[in-house]
Each structure stands twice: as C-alpha cells, then as structure tokens.
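Secondary and tertiary structure notes
Here is how the chains run, residue by residue.
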Amino acid sequence: MLKMNNISRIYQSDTIQTHALRDFSLNVEAGEFVAVTGPSGSGKSTFLNVAGLLDHFDRGQYELDGVSVQGLKDNELSRLRNEKIGFIFQNYNLIPDYSIFDNVDMPLRYRGFNANERKRRVEEALEKVGLASRLKYLPSQLSGGQQQRVAIARALAGEPKILLADEPTGNLDSLMARQVMEILHDLNKDGATIIMVTHDTDQAREVNRNVQVIDGQLADFRVYAPLDRQAEQTGKNISAVASKNVNEEVVDA
Amino acid sequence: MRRLSMRSASMLAYNLTLAMQSFKRAPSLYFLVVLTLSIGVGLLCANLALVNSMASDPIPEKSEQLFHVSMNTWPNDDPQAEPFHILRYREAMKIVSSDIPKNSAVFYASGVYARDSASPSLKRFDSSVRATTPGFFSLTNAPFAYGSGFIKSSVMEVVIGHELNQKIFTGENSVGKVLELDGELLTIVGVLKPWRLRPLFYHATEGRAFNLTDDIYAPLETSIDLGWSIHARSSSTVSYKGVKFTRDRDVFYLQAWVELENSAKKQAFQYYLDNYSQSLKDVGEHPLAIRNELRDVNAWLLEQNIVDQKVLAFTLASVLFLCVCVFNASSLLLSRFHSAKFEVGLRRAIGASNKNILMQGITESALLGVIAGLLSLLLSWLFLKLSIKFLPDLENLAVLEPKLLLLGVLLALVTAIFSALYPLYRGTRYTISAELK
Amino acid sequence: MNFATLNIKGLIKSLLLRKFTTGLLILQLAITLGLLVNSAILAFDTREKMSKPTGLDDENILIVSTHPTSGSYRDLDYYRSIVNEDLSKLNQLPGVNSVSITNQLPIRGRGMLSNTHDIDNPEQEKADKYLKDVKYTLAGEHLAEAMGFTIIEGRFLNKSDELDFDSEAKNNIVITESLKKGLYGDESAIGRETNNGIIVGVIKDIMLDPTLPRDKQYGLFMNTIMKYIFIGRFYVINVEPGQMANVRNQVSDTILAVQAERDIFDVFTMSEHLKNFYRDDQGLSDLFLLLCGLMIFVTAISSYAYSQFHISRQKKYIGIRRALGARKKDILLYVLTENWLVYAVGCVLGLVMALGFNILLSQYISLSKPDMMLFLLASAVIFIAGTLATWIPAVKTSNIPPVIATRTV
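Residues numbered from 1 in each chain as written. Chains lettered and ligands numbered in written order. Predicted model: local features only at pLDDT ≥ 70, side-chain atom pairs only at ≥ 80, totals over all residues.

**Concerning the overall build of chain C**
Helix and strand counts for chain C stand at 13 helices and 11 strands. The C-alpha radius of gyration computed for chain C amounts to 33 Å, which surpasses the reference 22 Å derived for 409 residues by more than 25%, pointing to a less compact arrangement than a globule. Overall, the C-alpha framework of chain C stretches about 105 × 50 × 35 Å when taken along its three principal axes. Put simply, chain C has 409 residues, and 45% of those count as buried. Intrachain contacts of chain C at a sequence separation of at least 6 include 84% that bridge at least 24 residues. (Helix = DSSP H or I, 4+ residues; strand = E, 2+ residues; numbered from the N terminus. Rg over C-alpha atoms; globule rule 2.2 N^0.38 Å. Buried ≥ 20, exposed ≤ 12 C-beta atoms within 10 Å, placed from the backbone. Contact = placed C-beta atoms within 7 Å.)

Here is the structure:
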C-alpha cells in the first residue's frame, strides 16, 4: 500500500540545515494498523505529513497504492490526497462556520460528486460514527470527542485507501479517547489501512504493528500480535463496513 | 488638580508615542488610510471653496443696504422680461436724481483700448469699462490707492483699477496722467487698490458674476457722448445708431443700484419709484403692470442663480467620494486593529482598562486625522488648479480662504475618528485570553 | 473553472458572519457603480451633443476675431477702407476660397437678436415665442460662400442688397429654413415682407444656437455690415481642404500688415468653435470621469484589504481544504468567488444607487436616464477592477501549502 524508500526531508534556514527525516524507509501493507511513536521532535509528524502528501520530500522514493509520487504536480498530488487518503488531525480541524454536514461534504466537493451522491456519502459516514442526527449542528455545539468523530467521518466519506491519524486522541479525555480508538479499531477490522502517530504507549500496544522514529529515522520495530482483533483480507476499501456497534449517544459526553 | 493634568499630559504624550510606533509597524496601511482620507477631504474642500466663492457675500459690511433696481417700464405689452433688470436712460436719471438713497449708481459695461498718451509706444491695452455715475465709488466702497472718484458724470476724467495701472504705469501713482482711450484724452483722477469682489455683485447678469472688477471707471455721460458701445445686455423696441442716441429712446441697457440705510428709506424709495411709474401710466406710457423691485445684494445674487450648477453637482459627487474614503479607512483600520489584537490583549492583561485602550485608539486616529488634514490642504490647492483646466470660467473663484483651510483639517480629523469608531468598539469586545492565544 | 467544487451556501454563510466589513465594501461598490454609470451617461451625452451636425463645413472655415485699438477707426470710412483691404489681402492668400465679414457667429447662445414677424401678421410672435429672438446677422457679401450655406430658395445676399447708408428703403434679407417654416409654413417665402425686410432667399438650417430645438434655428441675414462696420468683429475665411495650417499661420500677419493698430483676439476654426461651446460640459464630464477613476482606485484598495484581511484569518482553513484534496485552482476559485459574490451584491445595490444619483444630479445638470447596457458595462468594469486588485492575494492564498493544516501555532 505505502512504500517509502530513503525519504529525506530537509529544512533549510539561512545557516542551518535540519534533517527532519533522514533516509527514512517504511513499507506498510494494506490492512495494517501501524502506530508510530517516538520522542517529540523526532520527525514522526513530518513523516505523517509526507505520507499524507501534505509536505514534499527532498530525496527518496514514495509509492502510494502503486502510484509513484515523486515528480507529480500539485494538481495530481491534490487528487491523490483527495481520493486515496483520509487525514485525521489532533485538533480536528473542522471549519467552525460550517455545519457538520458541510464539513463532511467538503472533500466530496473537490471529488466532483453530484449533490445526491454527496448527500448519500455524508449521511453514511456520519451514520458510521454515530452522529447522523446532528447534521445541522455547528462544531462549537459538540464536544471534543464528537468533533473528532465528525473529522473521522470526513476522512471516511471519500472511501480512501489509507487513513492517517495524527495524535487523534491527543485533545480528548480518556472516555472519549476510548470511543475514538474503538471506531478506529473497528475500521481496521473491516480492512482499513491505518497509520497513527501517538504518544500513548498503551494505544501503541493495542495495534498490530509499531514503528519508532528517532532523529528522523526509523528505529527498531516490533510487530505485536493483535490482542483480539482479526484483520480481514487486504485491499478492501474502508467503506465496506457493515454498520457496527457504535451506539449513538443520547447524552453529550 | 495639577497631578491630574500632569498625568493626562503624560498619558497624551505616551499615547502619541504609541501611535507613532503603531504607524511604523504597518506603514503601508496607515499610508493608505491617510492618502485616501486626504484625497476625499481635499476634493470636497476644493469644491466647497468654489461654492463658497460663488455663494459668499462680497460686501458684507453693507450688503443689506445696497439694492438693485428692476422696473417694468417696457413700452409695449410684449416684454423681454418682467420686471427688467436693465433700464432706459430716463428711468436711470430719475433714480439718480432722487435724494432718498445715500448713494446711487447707474452704469453700463463697455470696453476701450487704453494707452498712456505720453508714451511713444502705440501699444494699446484692451480694458473693460464701467461707464457710471459718480455715486458708484461710495456705494461699492471702492478702495482707492491714490486720488479719488470723479465728481460729475460729464467730465473727461477716469478712475483706473490696480491691474491696468500695473500694466500701463507699472504701479506708480498715475493720478494726473492722461490716457488715450479710443482716440480721446481723459485724465486719471483716481487709482484703485487691488479689488476683488466675489461674486461681482454689481454686474451679476450675463454670466459676468465671476469677472474681475473693471479696468476703467468712466463718467456715464462722457461715455455716452463718446459713443462707447454697450458690451452687455441691451434691448430696444426701436433701432438706434449707437449709444450716443439712447438718451431719448426706448433702449434698455443701464443697471441701477441704490444705497438705502434703513427700511424707512427703502419704503420711501419704493414709493418714489412707484409714483414715477404711475405717472408714466397716467399718460399711457406704461402698458405693463407696475412692478418696481428692490433686491439687496444677497437677494439679487440668489435671484440670478449664479452658483454654477455644474459645481454643485460635482460637489455632491465629492461628498459621496468622501463617504467611500471613510468606509475604506474604516475597513483598513479594522484589519489593523485586528492584527494588533495580541498587543492589546497584553496591555489589558497587565492592567490597561478599556478606556485606556480607547483613548490610545482615538489618539492614534486623531493624529492620522491631523496628518491627513494637512495633506488634504495641499491636495485641495492642487485640485483647484486642476479644476481651472476643466472649467476655465472658475479661474477667479478658485481661492482657498482661511476658513476653508480650517474646515479641511477639521473634516479630516472628524472623518478619521469616525472611521475608527467601529473598529475601536470591536477591539474592546475581545476577551483578553482569546487575544493572547 | 469547476464551480461544482464550491459550496455557495457556505460562502454566503461565511460572508454573513462578517457583516461589517462586507457591508462596508458593498456600500463602496454600490456608490462606485452609481457614479460610474452616471459619469458614463454624462460622457456620452456630451459626446452626442458635440457630434450633432452643424450644417457647416466645420473643418474648413477659419474665423478671425478682431477689433481695432486706435481711435482713428471712429472715422467709419477709414474703418471701412481698412476692412476692404483686409478682405482683399486675405482673399489673395493661397488656399483661401472666399472671405467675408460678419457681426456674430453661429453655434452661440443668444447674441444679437431681433423679433421677426410677417409685416401683416404681428400676432405671430405671441403664438411662437422663438420669433421674438431671431438671430440677426449682418452679412458681408460673400458670407454664403465663406460659411458654405446651401440655398434652398431664391438667392443669398449680394452687392445690390447693400443699400446706401442713409437710405430709408427696406432691406433685403435671407432667412433660415426653420424661420421660413415658422413664419410661412410650407408656402414660399420669397418676396414676402417681414418687419425686418423683404425675403429674397432661404438657406438650409445651420446650428445657430445649440440650446434651442433643431426646428427653431431662426436666423436672418442682411447686407448692412458696412453700414454698421463697427460691429464687424469676425472675418470668416473659407479654406481649401488641407491648407488650413498654412492659411492659419498667415492671417494675423496679413491683417496687421494692412494696418497694425488691431487686436487679434483669436484665430480658430469652426470646429474649434463648436468644441469651445461645449467646453464646460466637456470639462464637467472629464471631472466626473476623474472622480470615477479615484473612486475605483479607493474601492480597489478596499477590496484588496478586505480580501487580504479575511484570507489571513482563514489561513488554517485553507490549509485544511488543501489537505482534503483541494487543488490550487480550487482555492483560487474559492477566493475569487468570495469576492465576486460581494461584487455582485454591490452591483445590484449599485443599480439602485445609479438611479438615485441620476435623479439627484438631474436637479443640477441635464442627464439622460441610465439604461441596462450601461449598467452591465459598469458592473463589468467593477468586476474586472476588483479581480485585478485581489489577484495577487488570491494567488498567494492558493499557494498556501497543505502542511499548514497540521501546524498548531
């Protein structure tokens, strides 16, 4: 699914050259749930940005779902981002002026779907995260956990090949964090490929693969046997998930 | 009390310093604010200067005592106008012979070529002439630099204006010198100081309201006898060979002004005129209704509608332009205050009250206003010069009186503060913590 | 330009959230449009006035305005002899077709006027007020050729019409076509007698007074200029096409060579005379256009500042959009559309303003009513000017990298 080979990302100021990523190589297969850990400043966020095509890299090769990324123009990169990747940010990054519906709808507009298709997908995605009844709400009217779930729905709506999550529970209390992780694990069980950057070692332990980034490079990695989750066959799109046991909350947590 | 005023003086100084610092931080933005406000104010002020020149009272010390005479003595029932602003010789003489007015002046406008008779050069200067009875000088408070007016209407004497004196005699005291006017010799008995009448109330008709005062003031009878032609409106029911022959014909061309010191005199004079008209009527020489009208300077100017409508229209447009400039300044200042949020939050966090912040903001805009005001004066002057190119008739009117300069600075100050009001208000609504984040 | 990527409702919503700045900009746009429309109307009106045909060969008629300065001219015979020599010398200049002298020019308001009526029908003047103010032109012998009049009936004046100075006989006169219609309708006017003389010819209308209606260009001509030589202020010279510059350079010297004690006020062509008549109208129109330019400049600054301000607050959200797959083009379109929406509202309000200003300005000057085409054109100008003003901020915004979305500062 994702193949990075000797990726380097160099920041150049007037006098200093910093290697945020240095000869970074990583392969992720479809269906894997990878946790990326490492000390702060190690470059794990940079890795995720590069993986998510949010940032460019200066050296190396990157292949995403069979497509070689280097040399692609901005238009093509944007299209790839739009179609193949679902990004989940630490601070949700919802547009505060837009309703929940409009927020989830946003990437679909850039895809070019017609109004009916978009409506269908938005409602489906919100269903999956249990917020279908709050279509018209503004983000400010929801709790942190609910906002993150909306962000997940936004990431899902376009049926991406891979989900990238940057400290998805970093701003949430433990209860909401639990719920969000539940959703991620369910998605992975149904075949989603997920790469998650996290500080939380417990979270890291729960997934089937860990990698560590230190000083811009991949350190040792351990493959954990998943605790009790089974990955289904590879290559499936994340959308092919039957509605799961995410109960809609009656009370705002 | 002393401590308080010292504190407010030092607060003012501090606020001014802060304002200067603020300007340095966003120089292009403040430059744009100052520029657009000064263009808007400058343009409006220039237009107001023109309107002011056109609408002002040219002789405020006695504008309520000077009256223009219009009479309805047209000899048939098909009048040119009712009443007519120009008179026949016979009516004019009737007016001049009355002792009710303190001063009276009856005149017509003409023109001659003038030359110093003693000069070997044959160069002649085209000069505008006011052929008038002697009362003109006292009536209009004509300012004499040398000599005085002529006493009788039939002498070969003239008074000349400052500009002509400059041209012919390079400004020296030319009383006693002799001018050759159209082949005739007349002696100068008086020279005027520079004399500006805006508008030229004594001849506000035929589009002459913005002309300069005349070059030569000659006695009326002398002019008529010398046949100096009529250069303004004249109407007649009979043909005539020249102005020489107008004394006993129905040729209307003379204008009359009288000085009536109070309402009793005015009434008396009105009665005098009406009496005269009635006497004409009694012998069948006054077919129209008796309508003798006395209008004081301002009423007469108003009646003549001399304020150029074009300038009024443009003034209106420049008011709108100023509004646009104010809106522009307002939105620029809003964006500026928004980006200064952090600093404001910090000040508030360390104890500045909303009032302090407000005063700081107002000081800043007041300073902007003063700068814009000064710049606008320059732009006003520039624009007046420019407007003469477009509307050359305004040349004599394009002056910036001191009261307009003051108006300009005040207007700039007011608009600057006004445009800052909403942005300042918005600035006080932020919560400190949000500003600091 | 894929407009489907735009969430128009969302755009409108976010515009509504910033009512103050958006409102200010809309007001500015509306006022600018209102002024633009009316300035265009003024410019077109003036152009139209100036291009009305005068009935004269404007380009090839040269006029010299002159007045003697010496008192010797009081001797009218002396005056006449000088004038005759002037005319003869001017006629000899190469390129000159004919020369004449007259007391007043066409294309002028008022002037020397006389009431005119058929001698048997003085009541005419009561029915037609324009008959009270008929332009009374004293014509030299060759005025018709000099001015290029077209005779439609009878003949123009000639030497025989010049009476002895003390003759009591009635003058022969030539009148304009509209005066003929005004006096006699469709009948022939030749031989008929008016209070001013006997009609011997009718010429095609020329523009005597542009402020009067086209069919009320009442004028009459008589050959008494020599008698009243002291009001013969204008020499009229008909010049061969292409020779105007040559002739023009020489007229002053020619006249002064005959006798130097003259003031030559002005030498100008008939077309310059026409332009001069509308000088103030043109001046006002130009002033309004200047003001328009300034207003567009100020509004463009506002538009730029508005755009810049709101974009800078939205940096993060632009980054999010990019992260979600928006291309640079999509962001550009987003920013431009935001502005265009504001312009559109501004222009609609501007229509109201334009109508309002038109009514207000009509109180002071004459102004045609606005029409839809002009309004659309003015709107286009606003859109183009605004887009140009906000182009650079828009492009800069579209270059915001998606990585901004992940920055927490």
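**Some points on the domain arrangement of chain C**
Along its sequence, chain C is organised into domain 1 (3–51 + 279–406) and domain 2 (70–260). Centre-to-centre, using C-alpha coordinates, domain 1 of chain C lies 56 Å away from domain 2 of chain C. (Domains from an automatic or database assignment.)

**Description of the interface of chain B and chain C**
At the interface, 37 residues of chain B touch 37 residues of chain C. Within the residue set of the side of chain B that touches chain C, elements represented by two or more residues are α2 (27–55), α9 (309–339) and α11 (354–390) of chain B. If you tally residues by element for the side of chain B that touches chain C, the top one is α9(B), at 21 residues.

**A word on the sheet that holds strand β1 (residues 2–12) of chain A**
All names here are of chain A. Strands sit in the order β2-β1-β4-β5 across an open sheet of four strands; the sheet is antiparallel. At either end of the open sheet lies a strand with only one pairing partner, and these are β2 (17–28) and β5 (67–68). For β1 and strand β4 (residues 59–64), the ladder comprises five bridges, and the chain directions are antiparallel. Across the sheet, M4 pairs through a bridge with Y62, a residue of β4. Packing against the sheet, helix α1 (residues 44–51) makes contact with β1 and β2, and its axis sits at approximately 60° to β2. (Pairing = 2+ DSSP bridges. Axes fitted to C-alpha atoms, helices over the stretch in contact; angles between N-to-C directions.)

**With respect to the environment of P393(C)**
Residue and element names in this part refer to chain C. With respect to the helices and strands, P393 occurs in helix α13 (residues 391–398). On the basis of neighbour counts, which here come to 21 C-beta atoms within 10 Å, the residue P393 falls in the buried class. Between the C-alpha atoms of P393 and L90, which are 303 residues apart in sequence, the distance is 67 Å. Residues contacting P393, with those up to four places away along its chain left out, are Y304, S307, Q308 and I311.

**A closer look at the sheet that holds strand β11 (residues 262–269) of chain C**
Adjacent strands of a sheet pair through backbone hydrogen bonds, lying either parallel or antiparallel. Residues and elements named next belong to chain C. Taken in spatial order, the four strands make up an open sheet running β2-β10-β1-β11, and their pairing is antiparallel. In this open sheet, the two strands that pair with only one neighbour each are β2 (96–102) and β11. Neighbour-to-neighbour, the strand axes of the sheet open up by a mean angle of 20°, direction not taken into account. The pairing of strand β1 (residues 61–68) with β11 spans seven bridges and is antiparallel. Across the sheet, the residue bridging to P68 is R262, located in β11. Along the sheet face, helix α3 (residues 76–92) touches β1, β2 and β10 (234–239) and points at about 160° away from the line of β2. Lying over the sheet, helix α8 (residues 270–277) contacts β1 and β11, oriented at roughly 90° with respect to β11.

**Remarks on the interface of chain C and chain A**
How big an interface is tends to be stated in terms of accessible area lost as the parts join. At the interface, 22 residues of chain C touch 24 residues of chain A. Counting residues per element, the ones that place at least two in the side of chain C that touches chain A are α1 (8–16), α10 (315–323) and α11 (328–362) of chain C. Ranked by residue count, the leading element in the side of chain C that touches chain A is α10(C), at four residues. Its residues assigned to classes, the side of chain C that touches chain A shows 10 nonpolar, seven polar and five charged. (Nonpolar A, V, L, I, M, F, W, Y, C, P; charged D, E, K, R; others polar.)

**Comments concerning the environment of A420(B)**
All names here are of chain B. As for its position among the elements, A420 is in helix α12 (residues 402–427). C-alpha separation for the pair A420 and R249, spaced 171 residues apart in sequence, amounts to 70 Å. With residues near it in sequence (within four places) discarded, A420 still touches L333, G361 and S365.

**Points about helix α7 (residues 244–258) of chain C**
All names here are of chain C. Compared with an ideal rise of 1.5 Å per residue, which puts 15 residues at 21 Å, α7 spans 21 Å between its outermost C-alpha atoms and is within 8% of the ideal. The principal kink in α7, of about 35°, is found at V251. Among the residues of α7, V247, V251 and I255 are the ones counted as buried. On its buried face, α7 is in contact with β1, α3, β2, β10 and β11. (Expected span 1.5 Å × (residues − 1). Bend = angle between axes of the 7 residues up to and from the residue.)

**Remarks on the confidence of the model for chain C**
Residues shown with low pLDDT carry predicted positions that ought not to be read at fine detail. With 99% of its residues at a pLDDT of 70 or more, chain C shows a mean pLDDT of 90. The complex model carries a pTM of 0.84, and its ipTM stands at 0.87. (pLDDT = per-residue confidence, 0-100.)

**Re the arrangement of the chains**
The top pair by number of contacts, from a total of two pairs of chains in contact, is chains B and C. Left apart from each other, chain A and chain B have a closest C-alpha approach of 15 Å.

**Structural notes on the packing of helix α3 (residues 100–111) of chain A against helix α4 (residues 115–128) of chain A**
Residues and elements named next belong to chain A. Interhelical geometry of α3 versus α4 gives an angle of 120° and a closest axis separation of 9 Å. On the basis of their axis angle, the class for α3 and α4 is oblique. Classified by chirality, the crossing of α4 by α3 is right-handed. Contacts between α3 and α4 involve I100, F101, V104, D105 and L108 on the former and, on the latter, R118, R121, V122, A125 and L126. In terms of residue class, the contact of α3 with α4 is built from seven nonpolar, no polar and three charged. (Parallel < 35°, antiparallel > 145°, perpendicular 65-115°, else oblique. Left-handed = near helix turned anticlockwise from the far one by under 90°.)

**Thoughts on the domain arrangement of chain B**
Residues and elements named next belong to chain B. Domain annotation for chain B reports domain 1 (2–58 + 308–436) and domain 2 (72–291). Taken over C-alpha atoms, the centre of domain 1 sits 50 Å from the centre of domain 2. Contact with domain 1, which involves seven residues of that partner, is made by six residues of domain 2. Residue classes in the side of domain 1 that touches domain 2 are distributed as three nonpolar, three polar and one charged.

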